[in-house]
Amino acid sequence: MASNPWQVHDTTVLFTLLLTGASALIGLTAYLCSRLTRQARRRNTPVRMWRDVSLAAVAAGLALYLWGLLHILFLDDQEQAQECERQRPEETPALVGLRGDFIPLRLVCEASDGHDYSVVVPGHINPSLTVLLLLALVSAVASGLLHQKQRTPTRKEG
């Protein structure tokens, strides 16, 4: 049995991602704002600073991903297909399918010649997410290494 060529984003998954993502973003933002108090700044260490940089990058990436999801949410299936037709390159033949991907976030229009192109989700979202997640990873590793270095006792010779 052939698969349906008109498979857009699953609405249940879309709403679940929006709700859980928004909740996580609110929690991360509240935590990061609490790190800006005078008392928290006095206890700041390099380990905590790198951890907070990592969490800020995650929060920014999450906000960007949610922004992309909102672009998809506000268009129904017919409007998505119309957007595919509107943005179809001149040399591209007729539209034969539509596919929604969550990772990377995109709405892909499939043409009869086998080529495809993305619409609706702004083109800067996925590259920006990649950079932010790499920053989060590097910062988390730096924080972990500094934390491990603090916990490792130094041997005294003699």
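Placed above this text is the structure.
Please read all numbers here as calculations on a predicted model, not as lab measurements. (Residues numbered from 1 in each chain as written. Predicted model: local features only at pLDDT ≥ 70, side-chain atom pairs only at ≥ 80, totals over all residues. Heavy atoms only, no water.)

(A) Looking closely at the layout of surface pockets. The computed volume of the largest pocket comes to approximately 170 Å³. Taken together, Val58, Gly61, Leu62, Tyr65, Phe102, Ile103, Pro104, Leu105, Asn126, Leu129, Thr130 and Leu133 make up the full set of residues lining the largest pocket. Of all the secondary structure elements, the ones that give two or more residues to the lining of the largest pocket are α3 (46–73) and α5 (125–151). Its residues assigned to classes, the lining of the largest pocket comprises nine nonpolar, three polar and no charged. (1 Å grid on protein atoms, 1.4 Å probe; cavity = no way out; pocket = protein on both sides within 12 Å on 5 of 7 lines; lining within 4 Å. Points joined across faces, edges and corners; volume = space filled by probe spheres on them. Helix = DSSP H or I, 4+ residues; strand = E, 2+ residues; numbered from the N terminus. Nonpolar A, V, L, I, M, F, W, Y, C, P; charged D, E, K, R; others polar.)

(B) Molecular detail of the packing of helix α1 (residues 11–34) against α3. Where α1 contacts α3, the two axes come as close as 9 Å, and the packing angle between them is 150 degrees. One finds that α1 runs roughly antiparallel with respect to α3. In this structure, α1 meets α3 at a crossing whose hand is left-handed. For the contact of α1 with α3, the per-class residue count stands at 22 nonpolar, one polar and two charged. (Axes fitted to C-alpha atoms, helices over the stretch in contact; angles between N-to-C directions. Parallel < 35°, antiparallel > 145°, perpendicular 65-115°, else oblique. Left-handed = near helix turned anticlockwise from the far one by under 90°.)

(C) The arrangement of the state of the cysteines in detail. Throughout the structure, instances matching the rule amount to one disulfide. Linked covalently through their sulfurs, Cys84 and Cys109 form a disulfide whose S-S length is 1.7 Å. Its S-S torsion of approximately -75 degrees makes the covalent link between Cys84 and Cys109 left-handed. Pair noted here: Cys84 is in helix α4 (residues 77–86) and Cys109 is in strand β3 (residues 106–111), with a separation of 25 residues, a long-range link. Judged by relative accessible area, Cys84 falls into the buried class, the value being 0%. The exposure class assigned to Cys109 is buried, which follows from its relative accessible area of 0%. (Disulfide = S-S within 2.5 Å. Buried < 20%, exposed > 50% of the residue type's maximum accessible area, 1.4 Å probe, protein only.)

(D) Representation of the packing of α3 against α5 within the structure. At their nearest, the axes of α3 and α5 sit 8 Å apart, and the two run at 160 degrees to each other. Taken together, the axes of α3 and α5 lie roughly antiparallel to each other. Once α3 is placed against α5, the crossing between them reads as left-handed. Of the residues belonging to the contact of α3 with α5, the class tally is 18 nonpolar, eight polar and one charged.

(E) Region of the structure containing the environment of Leu55. Relative to the helices and strands, Leu55 is located in helix α3. When the C-alpha positions of Leu55 and Leu133 are compared, they lie 10.0 Å apart, and in sequence the two are 78 residues distant. Among all residues touching Leu55, those that are not within four sequence positions of it are Leu28, Tyr31 and Leu32. (Contact = heavy atoms within 4.5 Å.)

(F) Highlighting a nonpolar patch on the surface. On the surface, a cluster of nonpolar side chains totalling about 400 Å² of accessible area is made up of Leu134, Leu137, Val141 and Leu145. Structurally, the position occupied by Leu134 is in helix α5. (Patch = residues over 30% accessible without salt bridge, like charges linked within 9 Å, V, L, I, M, F, W, Y side chains within 5 Å. Areas by Shrake-Rupley, 256 points an atom, 1.4 Å probe, with all protein chains shown as cover. Salt bridge = Lys/Arg side-chain N within 4 Å of Asp/Glu carboxyl O.)

(G) Representation of the pattern of salt bridges within the structure. With the rule as written, the count across this model stands at eight salt bridges. Of the charged contacts, one joins Arg35 and Asp52 as a salt bridge, the two residues approaching to 2.8 Å between their closest N and O atoms. With a gap of 17 residues between them, Arg35 in the loop between α1 and α2 (38–42) and Asp52 in helix α3 connect regions that are remote in the sequence. The class of Arg35 is buried, set by a relative accessible area of 13%. The exposure class assigned to Asp52 is buried, which follows from its relative accessible area of 13%.

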